[in-house]
Amino acid sequence: MLEMQLGYTWKEQENIHFSSNDYYNNMVDENVVLTDFGRKVIKTIDGGDVIDKNVIVTKALGGIPQEHLSGGTKSLLTLYSDQSDGIKLDICCMGDNCFPLLAELSEMKDIKLYTEDWRDIFTGTGLKAVKITNTGEVLTTQQEWFDVFFDWLVDYEKKDE
Amino acid sequence: MVGKYKIVIENKKIRYTIEIKRKYTILKGDSATGKTTLCNLVSSRFKIINSNIEVITLPYNLNIAINTLQSRKNNLILIDEDNPLLETRGFEKILNDSDNYFLLITRKSLKSLPISVKEEYILKERKYNNIEKLENNLISTVQESETHFKDFQKIIIEDSKSGYQLFKAKFGDKCITSKGNGNILKLVKQCIGKYGNIAVVVDGAVFQPYLEELLGYCNQFKNLEYVIYVPESFEYIILKSGILNDLIDINLEEAYKYCDDSVFTNTFKPNFKFTNENSLVSWERFYTAYIRFITANIPDKRYTKDSINTFYLQNTDKIIQTYS
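Here's a quick rundown of the structure. It should be emphasised that the depicted structure is a prediction, and the values quoted were computed from it without experimental measurement. (Residues numbered from 1 in each chain as written. Chains lettered and ligands numbered in written order. Predicted model: local features only at pLDDT ≥ 70, side-chain atom pairs only at ≥ 80, totals over all residues. Heavy atoms only, no water.)

With respect to the overall build of chain A
So, point 1. In terms of regular secondary structure, chain A is built from six helices and nine strands.
So, point 2. Computed over C-alpha atoms, the radius of gyration of chain A comes to 16 Å, within 12% of the 15 Å expected from 2.2 N^0.38 for 161 residues, which places it in the range of a compact globule.
So, point 3. Out of the 161 residues belonging to chain A, those deemed buried represent 53%.
So, point 4. Across chain A, the fraction of contacts at a sequence separation of at least 24, relative to all contacts at a separation of at least 6, is 63%.
So, point 5. Surface summary for chain A: the accessible area is close to 7100 Å², and the carbon and sulfur share equals 46%.
So, point 6. Computed over 15 positive and 29 negative side-chain charges, the inter-centroid distance for chain A is 5 Å. (Helix = DSSP H or I, 4+ residues; strand = E, 2+ residues; numbered from the N terminus. Rg over C-alpha atoms; globule rule 2.2 N^0.38 Å. Buried < 20%, exposed > 50% of the residue type's maximum accessible area, 1.4 Å probe, protein only. Contact = heavy atoms within 4.5 Å. Areas by Shrake-Rupley, 256 points an atom, 1.4 Å probe, with all protein chains shown as cover. Lys, Arg positive; Asp, Glu negative; His and termini not counted. Charge placed at Lys NZ, Arg CZ, Asp CG, Glu CD.)

Rendered as structure tokens:
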């Protein structure tokens, strides 16, 4: 299931990242691109075919190493990989076009993201549920997500701790 | 730093064209549209840049990044979404104090920065040109339409001082002030179900970080008729309204020529000094400084933010018509 924490403190932000790029390049097992999910993400988001773990061919950039994959792809593969406990990610690390694959991933394993900004994670994505970790509520529709998010947002004030 | 710059960055495979004219420009959008590729291209040693200013990508090491921001002047500095500076508390002061333009590549709403709704771009239309090179132009996300300012059931004004006073004089209790951008959504939320049509009036020169969530909220309500007015600022509207035409000697759309403390001071020689509170980090502040400057020696037209002069109240209709 997808778990979402709404907001975070300045103290928490020290360990929450807006991008997975550096983490992916240095910490995630490079064989992740050879998995079925890895190949699907790279095909869908980057339009790339995985030749081997060192070469991915995309129409836009030609042959590239996996370090040159998009930030959204790296975020999905980081969450998919077994090392995902090592980094906390804000949902701004991926574009809206990653959400259908995020929904798919959330049915394969439990994943947690953080957000301070409105993102429509339900419409057209196939997401079945999101658990709000602040309250424990499980939301299953876009309307529920919308109501809970904006009720929270209007009173959100970032605190020190 | 002042000026408007067209910048073309390319290599054998891809070409980016960017026009920059304010301190902050935001580049966001879907994954794999070429945002990080742009940063990597700028960082590489071998590329072609056609520009009147130096273009760099901010280094990722935080200490080196801060030194770069303090030592460089009149550059366009790209900051990619994985640069730790954007995650650092207080980063907005470091950027505001730096005498450079910035292209910020992030989907995060940077609510502490004065970013214009007109300076949000996406990389969307990837087309191959006739030499098989990928053309990647930055496309503005703002779609403007002409809407007359009518008698809305509720009017939410971001401004709590002169702008609010003027609207209040015209529309009475239909007007409420949010006292800042941070409370607008809360007031809009309170209006849902009570009013069939509402207007929101904000300073577009600094509202980009709040616009997406406000649109996301309002668009959910199919029966709500709403208009969000995003002119540069209230002072820009006054200047555009024509009531001060005899005093204005610049093209108001060319604020990029003067939006810098020292350039403004040297050009206009105002009788006030810039401080942290009114430093020209946005066009909103420029228009406020300019209207203060041109009316400073005319008591019946003198503009102050705290309390609006009778002259402006007498011209309320002209000023409000300018929003349309």
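Considerations on the sheet that holds strand β11 (residues 175–177) of chain B
Residue and element names in this part refer to chain B.
So, point 1. The sheet built from four strands is open, its strands ordered β11-β10-β12-β13 with parallel pairing. Across the chains shown, the open sheet's two edge strands, defined by having one partner strand only, are β11 and β13 (225–229). For this sheet, the mean angle separating the axes of adjacent strands, direction not counted, is 20°.
So, point 2. In the sheet, strand β12 (residues 197–201) pairs with β13 via five bridges, with the strands oriented parallel. (Pairing = 2+ DSSP bridges. Axes fitted to C-alpha atoms, helices over the stretch in contact; angles between N-to-C directions.)

Here we look at helix α6 (residues 208–218) of chain B
So, point 1. Counting buried residues in α6 of chain B gives nine out of 11 residues, a clear majority hidden from the surface.
So, point 2. What α6 of chain B keeps buried is the set Gln208, Pro209, Tyr210, Leu211, Glu213, Leu214, Gly216, Tyr217 and Cys218 of chain B.

So, the interface of chain A and chain B
Quoted interface sizes are often the accessible area lost when the parts come together.
So, point 1. Across the contact, 39 residues belong to chain A and 27 residues belong to chain B.
So, point 2. Roughly 2900 Å² of surface becomes buried between chain A and chain B when both sides are summed, with 52% attributable to carbon and sulfur atoms.
So, point 3. Taken together, the connections running from chain A to chain B amount to six salt bridges.
So, point 4. A salt bridge links Asp160 of chain A to Arg89 of chain B, with the shortest nitrogen-to-oxygen separation between them at 2.7 Å.
So, point 5. On inspection of chain A and its partner chain B, the count reaches 18 residue pairs in polar contact (both at pLDDT 80 or more).
So, point 6. Secondary-structure elements contributing two or more residues to the side of chain A that touches chain B are α1 (10–13), β2 (16–17), α2 (21–27), α3 (36–46), α4 (71–80) and α6 (142–153) of chain A.
So, point 7. Of the residues contributing to the side of chain A that touches chain B, the split by class is 16 nonpolar, 12 polar and 11 charged. (Buried area = accessible area lost by both parts, 1.4 Å probe. Salt bridge = Lys/Arg side-chain N within 4 Å of Asp/Glu carboxyl O. Polar contact = N/O pair within 3.5 Å; in protein donor to acceptor, adjacent residues only side chain to side chain. Nonpolar A, V, L, I, M, F, W, Y, C, P; charged D, E, K, R; others polar.)

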